[in-house]
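As a plain string of letters, each chain reads:
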Amino acid sequence: MAIITEESEQEPQQQNQRHQEEQPKQKQISQTKEPQQHTNPFLFWCYLVLFVSVITLLFISFTPQDNNPRSWFLSLDSSLRHHYSNGRIIKVQTSPNRSPIELFTFQNGVDSTENVFIIHGLGLSSFAFREMINSLRSKKFNVIAVDLPGNGFSDRSTMEFEERSDGAFQRFKDVYGLIQEKGFFWAFDQIVETGQIPYEEILKARVLERKSVKVIELGSDEVGRVLGQVIDTFNIAPVHLVLHDSALSMSANWVAENPGLVKSLTLLDTGIKPALPLFALNLPLIRDFVLGSSFGYQWLIRFCCMKKVGSFDVEGNRVLLKGRDRCRAVSEMGGKLNNSFDMAEWGSSEGIKGIPMQILWSSVWSKEWSEEGSQVADALPQAKFVGHSGGRWPQVDSADELAKHIAAFVSSLPKTVRQVEEEPVPEHIQRMFDEARSSGHNHDHHHSHSGHDNHEGHDHAAGYMDAYGLGQTWGQ
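**Looking at the overall build of the chain**
Argument step 1. The secondary structure content of the chain amounts to 20 helices and 10 strands.
Argument step 2. For the chain, restricting intrachain contacts to residue pairs at least 6 apart in sequence, the fraction spanning at least 24 positions comes to 75%.
Argument step 3. For the chain, the accessible surface area stands at approximately 28600 Å², while carbon and sulfur atoms represent 54% of it.

Structure (structure tokens):
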């Protein structure tokens, strides 16, 4: 019995020791498990923000944009609408096999034989040159500026017929285009309203031969055709041509081929690469930041184009560059620039040698830009080189200074003498004039024998114009 009682007394002691040894182990295990059970709350919020951002981007991309020209125009600032009301729309053809497009032109000047024709650079329009145009007008010049196709108030796209493939990728593209046009929930609304899937609308969108809207792709050949048609429409040849920024590489071939239409040439900060960087228009996130707000656009302009924004209408130029998909047309134009343009070879060509030329170049923008200006001056030794105090877009902060240099250069040249060609009178009209004169002569002779005054019978014809408005009367 004593042995049994000893064993019973030892068992509780051993259990107590085991229990005490197990307690710290359990504490250690619980301490190691606790961090795994509690997740980081910041990770949840990161996933939530990412999810909401993706959904927002999808809704924005699928939401149809308002491309109505009327609503877009009415949303413009008063300065833009005033500029448009003072301009003129003409029809031009960028290619012989394409339909005409509308080109916005702006003319502000006096009745002068000296016509200054301004061509803007990449990402700009005639609206950005209005201060410089007014300054030249005050110096008694007739000034014409245009919005190149895809820029400003000119057409950005053309309507063309095309035949399409019927592959799976094209079907997916049709559905995606229909969603962009009608909206993301358009099909669901049709199903709820009619109880049927809108097959007819989908089939209409999938016509294999249909009209398509294509963004204008403007190269050097197209720019040359536009310039020639504008000069013919306004009858302003020869012109004092002012080329800014990338306008030189776009119109250099046309100038060399048509020296008779150009009396003088002014190159305004015409570098090989445009001042406005193309990546700012091609990359979606950067493009949305730059064109999405005045702050982003103003930051880009100060960094790449001009140091002093001053009177530059940031909002107006941003709206013109962004509105109705014009940014895409400008990007296509920038992609077609001739980056291998040889200034020296162009300047030594036969068509350029006889054209008086001056170079207006920023002397305060940067050291690298000044060095590039020296290289341009060396490549064009026949040109007069003049520095100015503006940036690479100097038409705003240095408008008066530029107008002064252009006026002095144009005034130093011989005056333009315009020969007005008289329109020949058609033969059948000339016969009518001859018959009228002969019948009038016979009629006067008859009245003289009758003793009447010759002038009394023809008083009714006095003051009336003939068919050509020459001021002749039938009695003469």
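**Observations concerning the confidence of the model for the chain**
Argument step 1. A residue-level look at the chain finds 65% of positions with pLDDT of 70 or above and a mean pLDDT of 77.
Argument step 2. Across residues 1–9 the pLDDT falls below 50, and counting only partners more than four positions away or on other chains, this stretch makes zero contacts in the model.
Argument step 3. Of the regions scoring below 50 in pLDDT, residues 59–66 engages in 13 contacts with residues more than four places distant in sequence or in other chains.

**Re unusual backbone geometry**
Argument step 1. Omega for the bond connecting Ala237 with Pro238 falls within 30 degrees of zero, at -5°, which places this linkage in the cis form.
Argument step 2. Within the fold, Pro238 resides in the loop between α9 (220–234) and β7 (239–244).
Argument step 3. With a phi angle near 70°, Lys140 is a residue other than glycine that sits in the positive phi range.
Argument step 4. Inspection of the secondary structure assignment puts Lys140 in the loop between α5 (130–138) and β4 (142–147).
Argument step 5. One non-glycine residue, Asp245, lies in the positive phi region at around 60°.
Argument step 6. By the secondary structure assignment, Asp245 is in the loop between β7 and α10 (247–257).

**Quick word on the packing of aromatic side chains**
Argument step 1. Under the definition given, this model contains seven aromatic pairs.
Argument step 2. A ring pair is formed by Phe104 and Phe153, whose centres lie 5.3 Å apart and whose planes are at 55°; its orientation type is tilted. In this pair, Phe104 is assigned in strand β2 (residues 101–109) and Phe153 in the loop between β4 and β5 (157–163), connecting sequence segments 49 residues apart.
Argument step 3. Measuring from centroid to centroid gives 6.4 Å for Phe289 and Trp299, while their planes differ by 65°, and the two rings are edge-to-face.

**Regarding the side chain of Asp269**
Argument step 1. Relative to the helices and strands, Asp269 resides in the loop between β8 (262–268) and α11 (279–282).
Argument step 2. Look at Asp269: it is buried, it has no salt bridge, and the nearest opposite charge is Arg392 at 6.0 Å.
Argument step 3. Separated by 3.0 Å, the side chains of Asp269 and Trp369 make a polar contact.
Argument step 4. Once you skip the residues sitting within four places of it in the chain, Asp269 turns out to touch Asp245, Leu360, Trp361, Ser362, Trp369, His388, Gly391, Arg392 and Pro394.

**Considering the packing of α5 against helix α19 (residues 399–411)**
Argument step 1. At their nearest, the axes of α5 and α19 sit 8 Å apart, and the two run at 45° to each other. One element, α5, and the other, α19, form an angle in the oblique class. Crossing of α5 over α19 shows right-handed handedness. Each of Glu131, Met132, Ser135 and Leu136 in α5 lies in contact with α19, whose residues at this interface are Ala399, Asp400, Leu402, Ala403 and Ile406.

**Considerations on the pairing of β2**
Argument step 1. Sheet analysis places strand β1 (residues 88–92) next to β2, joined by five bridges and oriented antiparallel. Counted as the bridge partner of Ile89 is Phe104 from β2.

**Considering empty space enclosed by the protein**
Argument step 1. Applying the stated rule across the entire model yields three cavities of 30 Å³ or more.
Argument step 2. Here the largest cavity defines a volume of roughly 60 Å³.
Argument step 3. Together, Gly123, Leu124, Ser125, Gly150, Asn151, Gly152, Asn317, Leu320, Leu321 and Val330 line the largest cavity.
Argument step 4. Of all the elements, helix α14 (residues 314–322) adds the most residues to the lining of the largest cavity, at three residues.
Argument step 5. When its residues are assigned to classes, the lining of the largest cavity shows four nonpolar, six polar and no charged.

**Overview of the sheet that holds strand β9 (residues 357–362)**
Argument step 1. Spatial strand order, β1-β2-β4-β3-β7-β8-β9-β10: eight strands in an open sheet with mixed pairing. Because the sheet does not close on itself, it has two edges, and the strands there are β1 and β10 (384–388). Looking at each pair of strands side by side, their axes are set apart by 25° on average, direction ignored.
Argument step 2. Here β9 pairs with β10 via five bridges, running parallel. From the neighbouring strand, Trp361 faces β10, where its bridge partner is Gly387.
Argument step 3. Each of β2, β3 (115–119), β4 and β7 touches α5; the most contacted strand, β2, lies at about 45° to it.
Argument step 4. Lying over the sheet, α10 contacts β3, β7 and β8, oriented at roughly 145° with respect to β7.

**As for the environment of Ser294**
Argument step 1. When you line up the elements, Ser294 lands in helix α13 (residues 294–304).
Argument step 2. A sequence separation of 20 residues divides Ser294 from Val314, and the C-alpha atoms of the two residues are 6.6 Å apart.

**Overview of helix α15 (residues 326–335)**
Argument step 1. Burial runs high along α15: seven of the 10 residues are buried.
Argument step 2. Among all positions of α15, only Arg326, Cys327, Ala329, Val330, Ser331, Met333 and Gly334 are buried.

**Structural notes on the nonpolar core**
In a soluble, globular protein the nonpolar side chains are often hidden away together inside.
Argument step 1. Among the nonpolar cores identified, the biggest contains 96 residues, and Phe117, Ile118, Leu241, Phe312, Trp346 and Trp393 are the most heavily contacted of them.
Argument step 2. Excluding its chain neighbours within four sequence positions, the residues that come into contact with Leu241 are Phe117, Ile119, Trp254, Val255, Val262, Ser264, Leu265 and Thr266.

**So, the side chain of Ser362**
Argument step 1. Mapped onto the secondary structure, Ser362 falls in strand β9.
Argument step 2. With relative accessibility at 2%, the residue Ser362 sits in the buried group.
Argument step 3. A polar contact of 3.3 Å, which involves the side chain of Ser362, links it to the backbone nitrogen of Trp365.
Argument step 4. Once residues lying within four places of it in the same chain are set aside, the contact partners of Ser362 are Asp269, Trp369, Ser370, His388, Gly390 and Gly391.

Calculation criteria
Residues numbered from 1 in each chain as written. Predicted model: local features only at pLDDT ≥ 70, side-chain atom pairs only at ≥ 80, totals over all residues. Heavy atoms only, no water. Helix = DSSP H or I, 4+ residues; strand = E, 2+ residues; numbered from the N terminus. Contact = heavy atoms within 4.5 Å. Areas by Shrake-Rupley, 256 points an atom, 1.4 Å probe, with all protein chains shown as cover. pLDDT = per-residue confidence, 0-100. Phe/Tyr/Trp six-rings, centres within 6.5 Å; stacked < 30°, edge-to-face > 60°. Buried < 20%, exposed > 50% of the residue type's maximum accessible area, 1.4 Å probe, protein only. Lys, Arg positive; Asp, Glu negative; His and termini not counted. Salt bridge = Lys/Arg side-chain N within 4 Å of Asp/Glu carboxyl O. Polar contact = N/O pair within 3.5 Å; in protein donor to acceptor, adjacent residues only side chain to side chain. Axes fitted to C-alpha atoms, helices over the stretch in contact; angles between N-to-C directions. Parallel < 35°, antiparallel > 145°, perpendicular 65-115°, else oblique. Left-handed = near helix turned anticlockwise from the far one by under 90°. Pairing = 2+ DSSP bridges. 1 Å grid on protein atoms, 1.4 Å probe; cavity = no way out; pocket = protein on both sides within 12 Å on 5 of 7 lines; lining within 4 Å. Points joined across faces, edges and corners; volume = space filled by probe spheres on them. Nonpolar A, V, L, I, M, F, W, Y, C, P; charged D, E, K, R; others polar. Core = buried A, V, L, I, M, F, W, Y, C linked by side-chain atoms within 4.5 Å.

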